[in-house]
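# Topology and contacts: notes
Single-letter residue listing:
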Amino acid sequence: MNTKQQQSNDFSQGSIPALITRMALPLIGAQVVNALYNLVDRIYIARIPGVGSAALTGVGVCFPFLMIISAFAQLGGMGGAPLLSIARGEGDLQRAKRIQGNSLLLLLIFSVLTTSVSLAVKGRALYWFGASAETFPYADAYLTVYVLGSPFVLLTLGMNNFINAQGYARTGMLTVLIGAALNIVFDPLFIFVFHMGVTGAALATVLSQAVSAVWVMAFLTGKRCALPVRPADLKPDGALLRRICGLGFATFIMNVNDSLVSVVCNSQLQRFGGDTYVGVMTVISSLRQILFLPLSGFSQGSLPVMGFNYGAGLYSRVRRAFLFSLEVCVGAATLIWGMTELFPGALLRVFTDDETLIAAGIPCCRTYFALFMMMSLQMAGQRGFVALGRSKQATFFSLLRKALIVAPMALLLPRLGLGVKGVFLSEPISDFIGPTACFVTFMLTEWKKLSIPDKIRA
């Protein structure tokens, strides 16, 4: 690594807010662009003449599959990238390279598994996930094409974490910017010009992700990368693979939880409200995905900074990084909460022009986001555990909010006479209990450990 690269990627020097902002802003930009992959699909699909609402609902039923595929991408990517940051902070660059190579090996294995298993079970599973006879054809057509292209999705989402972890946040942003720009062009072309409908939307996404995957691997194997991937780095290391999976399991569980909750909520909404309310949840989930990005981006931007300084023994800088990320996330979450409570109709109209969905969705949106500001505590505590390599704690609090609170509440509350409102009410209940428990635990355990004096660097 040359001197310029060392200075650019050394997070032990300089202002903590400036470092996190330098990492976070491109990450937020990248995540916004990445969200466009699915959001643009939904916006165009909702406007297919004559079948827009049914097609949109059908694609919404596919969300659990898409989230599970993303979960495997993050199992390898978010499991390895924080470990790479810690190894860099310790000065062990050879270990960092092996971590990166073993993560790539995991992603290649996961690509084969997710494609084969998804194709085998998708038909029956889509009905479990809330599809009806009317919406199943659209769900099946979209999912089949997407699953066939899932290896590109895993490589792009998983390995882009290592570009960001090495300090190349702008390059990481370009990864998804290239793909999303192509998707925006391909979507109307395939959907409306070639009359391919939802199949065209999925094909546009897959082709765009394929280009992004080529970009990622070209950078990570090229001369511009400080820690380039080499074939020898892919040699399996059992201890490293277990460590990567152990840490990545927290993010994996978070995505699988989202998938589980989506299945439970869609099935309950189909039972108590029909296709209209499954469509409402699709639109609100799309809205949450885009509004959540500032919290996710800033907390994720703090990961390499906290991990590097923790590995270097500079605990005071870890504390400053944590507090700065928390402050920004609290402000962003409060602003988002205010927007969803005051202007729900305007926000929903970004994703659909169906007045029936909008009228049904406005009260559901207010209920769903009622305690969204509390998610700032969840993101701070969750990312804090991940940055310090605390896989067990991170995994538990991923499970707590979704699997242990949202899913049971979504099953129970509608049966207590609340109907579809009970499904949407389960979210604010979890937004209070889960984040509070996660944040308090982090402060009582890890924060006290970070109060010891910094190590003296050689």
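Here, every reference points to the structure presented above.
Below is a short write-up of the structure. What you are looking at is a predicted structure, and each value in this text was computed from that prediction instead of being measured.

Cut-off values and rules
- By convention here, each chain's residues receive numbers from 1 onward along its written sequence.
- The predicted nature of this model means local features are confined to residues of pLDDT at least 70 and side-chain atom pairs, given and counted, to a pLDDT of 80 or more, with totals for whole chains, interfaces and linings taken over all residues.
- Side-chain metrics in this entry use all non-hydrogen atoms of the structure; hydrogen atoms and water are not considered.
- Between N-to-C directions, angles span 0 to 180 degrees; the directions come from axes that are lines fitted to C-alpha atoms, helices contributing only their stretch in contact.
- Put simply, DSSP H or I for four residues or longer makes a helix, DSSP E for two residues or longer makes a strand, and each gets a number counted from the N terminus.
- The labels follow the angle: roughly parallel below 35 degrees, roughly antiparallel above 145, roughly perpendicular from 65 to 115, and oblique for the rest.
- Definitions for this section: a left-handed crossing has its near helix turned counterclockwise from the far helix by less than a right angle. A right-handed crossing has that turn clockwise.
- Only heavy atoms enter the contact rule, under which two residues are in contact if any of them lie within 4.5 Å.
- Classification convention: Asp, Glu, Lys, Arg as charged; Ala, Val, Leu, Ile, Met, Phe, Trp, Tyr, Cys, Pro as nonpolar; all other residues, Gly among them, as polar.
- Classification of residues uses two cut-offs on accessible area relative to the type maximum, computed with a 1.4 Å probe and protein chains only: under 20% is buried, over 50% is exposed, and between them is partly exposed.
- The residues that make up patches have over 30% relative accessible area and no salt bridge, and they are joined within 9 Å when like-charged or within 5 Å when they are Val, Leu, Ile, Met, Phe, Trp or Tyr.
- To measure how exposed things are, a 1.4 Å probe is used in the Shrake-Rupley method; for residues, cover is taken only from the protein chains shown.
- Salt-bridge detection follows one rule: a side-chain nitrogen of Lys or Arg within 4 Å of a carboxyl oxygen of Asp or Glu.
- What makes a nonpolar core is a set of buried Ala, Val, Leu, Ile, Met, Phe, Trp, Tyr and Cys residues whose side-chain atoms join them at distances within 4.5 Å.
- The method works on a 1 Å grid over the protein atoms by themselves. A cavity is a set of points holding a 1.4 Å probe that cannot get out, a pocket is an open set with protein on both sides within 12 Å along at least five of seven lines, and residues with an atom within 4 Å of a point line them.
- Grid points are joined across faces, edges and corners, and a volume is the space filled by probe spheres set on the points.
- For this analysis, a ring pair means two rings from Phe, Tyr or Trp (six-membered ring only for Trp) whose centres lie within 6.5 Å, classed as stacked if their planes differ by under 30 degrees, edge-to-face if by over 60, and tilted for the remaining angles.
- A helix is expected to span 1.5 Å multiplied by its residue count minus one.
- The angle between axes fitted to the seven residues ending at a residue and the seven residues starting there is what we call the bend at that residue.

Attention shifts here to the packing of helix α5 (residues 93-128) against helix α10 (residues 238-272). Orientation of α5 relative to α10, taken along the N-to-C sense of each, is 25°, at an axis distance of 11 Å. In terms of axis orientation, α5 runs roughly parallel to α10. Relative to α10, α5 is oriented so that their crossing is right-handed. Only Leu240, Leu241, Ile244, Cys245, Val263 and Ser267 of α10 make contact with α5, whose side of the interface consists of Arg95, Arg98, Ile99, Asn102, Ser103, Leu106 and Trp128.

What follows is about the packing of helix α16 (residues 375-387) against helix α17 (residues 391-412). How two helices pack is summed up by the angle between their axes together with the distance between the axes. The contact between α16 and α17 brings their axes to 8 Å, and the two run at 155°. It follows that α16 is roughly antiparallel to α17 by the angle criterion. Taking contact as the criterion, the partners of Met375, Gln378, Gln382, Phe385 and Val386 in α16 are, on α17, Gln393, Ala394, Phe397, Ser398 and Arg401. Tallied by class, the residues present in the contact of α16 with α17 amount to 5 nonpolar, 4 polar and 1 charged.

With that settled, the discussion passes to the environment of serine 285. Considering the arrangement of structural elements, one finds serine 285 in helix α11 (residues 275-291). With a relative accessible area of 23%, serine 285 lands in the partly exposed category. Through-space distance from the C-alpha of serine 285 to that of phenylalanine 63 is 9.5 Å; in sequence the pair is 222 residues apart.

Okay, a nonpolar patch on the surface next. Together, Leu189, Val193 and Phe194 make up an exposed nonpolar region whose accessible area comes to about 260 Å². Within the element layout of this structure, phenylalanine 194 appears in the loop between α8 (169-193) and α9 (197-220).

Under the definition given, this model contains 8 salt bridges. In this structure, aspartate 140 engages lysine 122 in a salt bridge whose closest nitrogen and oxygen atoms are separated by 2.7 Å. Taken together, the residues aspartate 140 in helix α6 (residues 136-148) and lysine 122 in helix α5 connect sequence positions 18 residues apart. Lysine 122 sits in the buried class, given a relative accessible area of 12%. Between glutamate 427 and arginine 401 there is a salt bridge, with the nearest N and O atoms lying 3.3 Å from each other. Here the residue glutamate 427 occupies a position in helix α18 (residues 420-449), and arginine 401 occupies one in helix α17, the gap between them amounting to 26 residues. Judged by relative accessible area, which is 6%, arginine 401 ranks as buried.

Turning next to the nonpolar core. The biggest cluster of nonpolar side chains holds 137 residues, and the ones touching the most others in it are Ile45, Leu126, Tyr142, Ile284 and Leu295. Considering each element in turn, this core owes the most residues, 12 residues, to α10.

Okay, the side chain of threonine 57 next. Assignment of secondary structure puts threonine 57 in helix α3 (residues 52-61). Taking relative accessible area as the criterion, threonine 57 reaches 4% and is therefore assigned buried. Setting aside its immediate chain neighbours within four residues, threonine 57 contacts Thr135, Asp275, Val278 and Gly279.

Our focus in this paragraph is unusual backbone geometry. In this model, histidine 195 sits at a positive phi of 55°, which is unusual for a non-glycine residue. Along the chain, the position of histidine 195 falls in the loop between α8 and α9. Taking the relative accessible area as the measure of exposure, histidine 195 reaches 67% and is therefore exposed.

Within the structure shown, the criterion is met by 4 cavities of 30 Å³ or more. Considering only enclosed or pocket space, the second largest cavity measures out at about 100 Å³ in volume. Every residue along the wall of the second largest cavity is listed here: Leu27, Met78, Ala81, Pro82, Ser85, Asn161, Asn164, Ala165, Gln300, Leu303 and Pro304. At the level of elements, α4 (63-90), α7 (150-165) and α12 (293-311) are the ones that each hand at least two residues to the lining of the second largest cavity.

Under the criterion given, the structure shown has 22 aromatic pairs. Ring plane angle 5° and centroid distance 5.9 Å describe the contact between phenylalanine 385 and phenylalanine 397, whose orientation is recorded as stacked. Here phenylalanine 385 is found in helix α16, whereas its partner phenylalanine 397 is found in helix α17, with 12 residues between them in sequence. Its relative accessible area of 0% is what places phenylalanine 385 among the buried residues. On the accessibility criterion, phenylalanine 397 (5% relative accessible area) is buried. Centre to centre, the rings of phenylalanine 396 and phenylalanine 397 are 5.0 Å apart; their planes meet at 80°, and the pair counts as edge-to-face. Judged by relative accessible area, phenylalanine 396 falls into the partly exposed class, the value being 42%.

Okay, α12 next. Here α12 is 19 residues long and its end C-alpha atoms lie 27 Å apart, about the 27 Å a rise of 1.5 Å per residue gives. Along α12, the largest kink reaches about 25° and is centred on leucine 303; proline proline 304 follows within four residues of it. Among the 19 residues that make up α12, 17 are buried, leaving the element largely enclosed by the rest of the structure. Once α12 ends, the next one or two residues include glycine 313, with phi positive near 80°.

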